[in-house]
Amino acid sequence: MVLAGRRGLAIAALLLATLEHSCSAQAMAKSEKVSRSSHVVLTAQRLAVLRQVNQHVNSTITEVSDLEQYGREDVWTLPASGKGDCEDFALLKRKLLAESGWPASTLLVTAVQTAAGEPHAVLIARTDKGDYALDNKTSAIRPLAATGYVILSQQSQKFPGKWISAGTGEKTDGPVADLPVR
(Lines give C-alpha, C1' and ligand atoms only; values in the text may rest on other atoms or scores of the structure.)
Protein backbone atom coordinates (compact mmCIF):
# COMPACT_ATOMS: atom_id res chain seq x y z
CA MET A 1 0.00 0.00 0.00
CA VAL A 2 1.38 3.40 -0.95
CA LEU A 3 0.06 6.61 0.58
CA ALA A 4 0.98 9.91 -1.02
CA GLY A 5 0.79 13.65 -0.40
CA ARG A 6 -1.38 15.34 2.22
CA ARG A 7 -3.91 12.57 1.87
CA GLY A 8 -1.07 10.16 2.65
CA LEU A 9 -0.37 11.95 5.90
CA ALA A 10 -4.06 12.02 6.71
CA ILE A 11 -4.36 8.26 6.29
CA ALA A 12 -0.90 7.16 7.39
CA ALA A 13 -2.55 6.01 10.58
CA LEU A 14 -4.68 3.60 8.55
CA LEU A 15 -1.50 1.85 7.44
CA LEU A 16 -0.30 1.71 11.05
CA ALA A 17 -3.61 0.24 12.19
CA THR A 18 -3.47 -2.28 9.33
CA LEU A 19 0.07 -3.26 10.31
CA GLU A 20 -1.11 -3.77 13.87
CA HIS A 21 -3.60 -6.37 12.63
CA SER A 22 -1.29 -7.94 10.04
CA CYS A 23 0.90 -9.75 12.54
CA SER A 24 0.50 -13.50 12.79
CA ALA A 25 -2.01 -14.77 15.33
CA GLN A 26 0.84 -16.50 17.16
CA ALA A 27 2.88 -13.29 17.43
CA MET A 28 -0.14 -11.32 18.59
CA ALA A 29 -0.97 -13.95 21.22
CA LYS A 30 2.66 -13.79 22.35
CA SER A 31 2.36 -9.98 22.49
CA GLU A 32 -0.69 -10.13 24.70
CA LYS A 33 1.11 -12.39 27.17
CA VAL A 34 4.12 -10.06 27.32
CA SER A 35 2.22 -7.01 28.51
CA ARG A 36 -1.11 -5.27 28.38
CA SER A 37 0.40 -2.15 29.95
CA SER A 38 1.84 0.91 28.30
CA HIS A 39 5.40 -0.46 28.29
CA VAL A 40 7.38 -3.70 28.35
CA VAL A 41 10.02 -4.81 30.80
CA LEU A 42 13.31 -4.25 29.03
CA THR A 43 15.24 -7.48 29.48
CA ALA A 44 18.62 -8.19 27.90
CA GLN A 45 16.83 -10.42 25.38
CA ARG A 46 14.34 -7.70 24.39
CA LEU A 47 17.15 -5.15 24.05
CA ALA A 48 18.99 -7.62 21.81
CA VAL A 49 15.88 -7.96 19.62
CA LEU A 50 15.59 -4.15 19.37
CA ARG A 51 19.23 -3.93 18.31
CA GLN A 52 18.91 -6.80 15.85
CA VAL A 53 15.83 -5.37 14.12
CA ASN A 54 17.23 -1.84 14.04
CA GLN A 55 20.55 -3.04 12.59
CA HIS A 56 18.89 -5.38 10.09
CA VAL A 57 16.52 -2.74 8.69
CA ASN A 58 19.20 -0.03 8.65
CA SER A 59 21.63 -2.29 6.78
CA THR A 60 19.20 -3.79 4.26
CA ILE A 61 17.11 -0.76 3.26
CA THR A 62 18.66 2.00 1.16
CA GLU A 63 17.64 5.49 2.21
CA VAL A 64 16.08 7.48 -0.63
CA SER A 65 13.61 10.34 -0.54
CA ASP A 66 10.00 9.85 -1.55
CA LEU A 67 10.54 12.47 -4.24
CA GLU A 68 13.40 10.46 -5.73
CA GLN A 69 11.62 7.11 -5.47
CA TYR A 70 8.02 8.06 -6.27
CA GLY A 71 8.26 11.50 -7.82
CA ARG A 72 6.21 13.00 -4.96
CA GLU A 73 6.57 13.69 -1.25
CA ASP A 74 4.98 12.04 1.78
CA VAL A 75 4.62 8.45 0.61
CA TRP A 76 4.13 6.14 3.59
CA THR A 77 4.73 2.48 2.78
CA LEU A 78 6.70 -0.55 3.80
CA PRO A 79 9.98 -0.45 1.85
CA ALA A 80 9.21 -3.50 -0.34
CA SER A 81 11.55 -2.17 -3.05
CA GLY A 82 14.48 -2.19 -0.62
CA LYS A 83 14.40 1.61 -0.58
CA GLY A 84 12.63 4.11 1.64
CA ASP A 85 12.83 7.18 3.79
CA CYS A 86 12.70 7.56 7.57
CA GLU A 87 9.02 6.73 8.08
CA ASP A 88 9.34 3.64 5.87
CA PHE A 89 12.23 2.43 8.06
CA ALA A 90 10.09 3.05 11.17
CA LEU A 91 7.10 1.19 9.71
CA LEU A 92 9.19 -1.86 8.85
CA LYS A 93 10.86 -1.92 12.27
CA ARG A 94 7.44 -1.72 13.92
CA LYS A 95 6.13 -4.59 11.82
CA LEU A 96 9.14 -6.83 12.50
CA LEU A 97 9.14 -6.15 16.24
CA ALA A 98 5.40 -6.83 16.52
CA GLU A 99 5.87 -10.08 14.62
CA SER A 100 8.62 -11.03 17.08
CA GLY A 101 6.26 -10.62 20.03
CA TRP A 102 6.56 -6.99 21.08
CA PRO A 103 3.16 -5.53 21.98
CA ALA A 104 2.20 -3.23 19.11
CA SER A 105 0.90 -0.67 21.62
CA THR A 106 4.49 -0.15 22.86
CA LEU A 107 5.86 0.56 19.36
CA LEU A 108 5.03 4.11 18.34
CA VAL A 109 5.97 5.80 15.08
CA THR A 110 6.98 9.30 16.11
CA ALA A 111 7.44 12.49 14.08
CA VAL A 112 10.34 14.50 15.46
CA GLN A 113 12.41 17.55 14.67
CA THR A 114 16.18 17.03 14.56
CA ALA A 115 18.69 19.37 16.18
CA ALA A 116 19.21 20.83 12.67
CA GLY A 117 15.48 21.66 12.53
CA GLU A 118 14.58 18.98 9.99
CA PRO A 119 11.47 16.79 10.20
CA HIS A 120 12.26 13.11 10.79
CA ALA A 121 10.47 9.93 11.86
CA VAL A 122 11.67 7.27 14.28
CA LEU A 123 10.16 4.28 16.02
CA ILE A 124 9.88 4.58 19.78
CA ALA A 125 9.83 1.44 21.93
CA ARG A 126 8.18 2.10 25.30
CA THR A 127 9.91 0.21 28.12
CA ASP A 128 10.01 0.23 31.89
CA LYS A 129 13.44 1.89 31.54
CA GLY A 130 12.12 4.70 29.35
CA ASP A 131 11.44 5.32 25.68
CA TYR A 132 14.08 4.11 23.22
CA ALA A 133 14.51 5.41 19.67
CA LEU A 134 15.10 3.09 16.73
CA ASP A 135 16.48 5.44 14.13
CA ASN A 136 17.66 4.95 10.56
CA LYS A 137 20.41 7.51 11.21
CA THR A 138 22.21 5.19 13.67
CA SER A 139 22.37 1.52 14.54
CA ALA A 140 22.61 2.41 18.24
CA ILE A 141 19.45 2.08 20.31
CA ARG A 142 19.32 5.30 22.32
CA PRO A 143 17.05 6.66 25.01
CA LEU A 144 14.78 9.22 23.35
CA ALA A 145 16.14 11.91 25.67
CA ALA A 146 19.67 11.27 24.34
CA THR A 147 18.74 11.84 20.68
CA GLY A 148 18.35 15.61 20.85
CA TYR A 149 15.07 15.24 18.95
CA VAL A 150 11.95 17.22 19.74
CA ILE A 151 8.74 15.22 19.46
CA LEU A 152 6.20 16.83 17.14
CA SER A 153 3.57 14.11 17.20
CA GLN A 154 3.29 10.45 18.06
CA GLN A 155 1.07 7.55 17.21
CA SER A 156 -1.50 7.00 19.96
CA GLN A 157 -0.92 3.96 22.17
CA LYS A 158 -4.62 3.34 22.71
CA PHE A 159 -5.81 4.22 19.21
CA PRO A 160 -3.15 3.27 16.61
CA GLY A 161 -5.18 5.00 13.89
CA LYS A 162 -4.71 8.37 15.63
CA TRP A 163 -1.79 10.69 16.26
CA ILE A 164 -1.29 13.01 19.21
CA SER A 165 0.30 16.41 18.70
CA ALA A 166 3.04 17.10 21.23
CA GLY A 167 2.33 20.82 20.99
CA THR A 168 -1.43 20.80 21.50
CA GLY A 169 -2.36 17.28 22.63
CA GLU A 170 -4.88 17.24 19.80
CA LYS A 171 -5.69 13.85 18.25
CA THR A 172 -5.43 13.83 14.47
CA ASP A 173 -5.68 11.30 11.66
CA GLY A 174 -2.08 11.89 10.57
CA PRO A 175 1.21 13.02 12.02
CA VAL A 176 1.45 16.71 12.82
CA ALA A 177 4.64 18.59 12.13
CA ASP A 178 4.19 22.15 13.31
CA LEU A 179 7.47 23.35 11.85
CA PRO A 180 8.19 26.96 10.97
CA VAL A 181 7.58 27.76 7.31
CA ARG A 182 10.83 28.67 5.56
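Whatever comes next refers back to the structure up there.
Reading the values: rules and limits
- Residues numbered from 1 in each chain as written.
- Predicted model: local features only at pLDDT ≥ 70, side-chain atom pairs only at ≥ 80, totals over all residues.
- Heavy atoms only, no water.
- Phe/Tyr/Trp six-rings, centres within 6.5 Å; stacked < 30°, edge-to-face > 60°.
- Helix = DSSP H or I, 4+ residues; strand = E, 2+ residues; numbered from the N terminus.
- Buried < 20%, exposed > 50% of the residue type's maximum accessible area, 1.4 Å probe, protein only.
- Salt bridge = Lys/Arg side-chain N within 4 Å of Asp/Glu carboxyl O.
- Core = buried A, V, L, I, M, F, W, Y, C linked by side-chain atoms within 4.5 Å.
- Contact = heavy atoms within 4.5 Å.

Applying the stated rule across the entire model yields 1 aromatic pair. Ring centres of tryptophan 76 and tryptophan 163 lie 5.9 Å apart, and the angle between their planes is 85°; this geometry places the pair in the edge-to-face category. Pair noted here: tryptophan 76 is in the loop between helix H4 (66-70) and strand E2 (83-84) and tryptophan 163 is in strand E8 (residues 163-165), with a separation of 87 residues, a long-range link. Comparing tryptophan 76 with tryptophan 163, the two get one shared label, buried.

What follows is about the pattern of salt bridges. Applying the stated criterion across every chain yields a total of 4 salt bridges. Its salt-bridge partner being lysine 95, residue glutamate 99 comes within 2.6 Å of it at the nearest N-O pair. In this pair, glutamate 99 and lysine 95 are both assigned in helix H5 (residues 86-99), 4 residues apart and thus about one turn of the helix distant. When its relative accessible area of 33% is taken as the criterion, glutamate 99 is described as partly exposed. The closest approach of N and O atoms between aspartate 131 and arginine 126, which form a salt bridge, is 3.0 Å.

This part takes up the nonpolar core. Leu50, Leu97, Trp102, Leu107, Val109, Leu123 and Leu134 are the most contacted members of the largest nonpolar core, which totals 23 residues. Those elements that place two or more of their residues in this core are helix H3 (44-60), H5, strand E3 (107-113), strand E4 (119-127) and strand E5 (130-134). The dominant element in this core, judged by the number of residues it contributes, is H5, at 6 residues. Contact partners of leucine 134, with chain neighbours within four places excluded, come to Leu50, Asn54, Lys93, Leu97, Val122, Leu123, Ala125 and Ile141.

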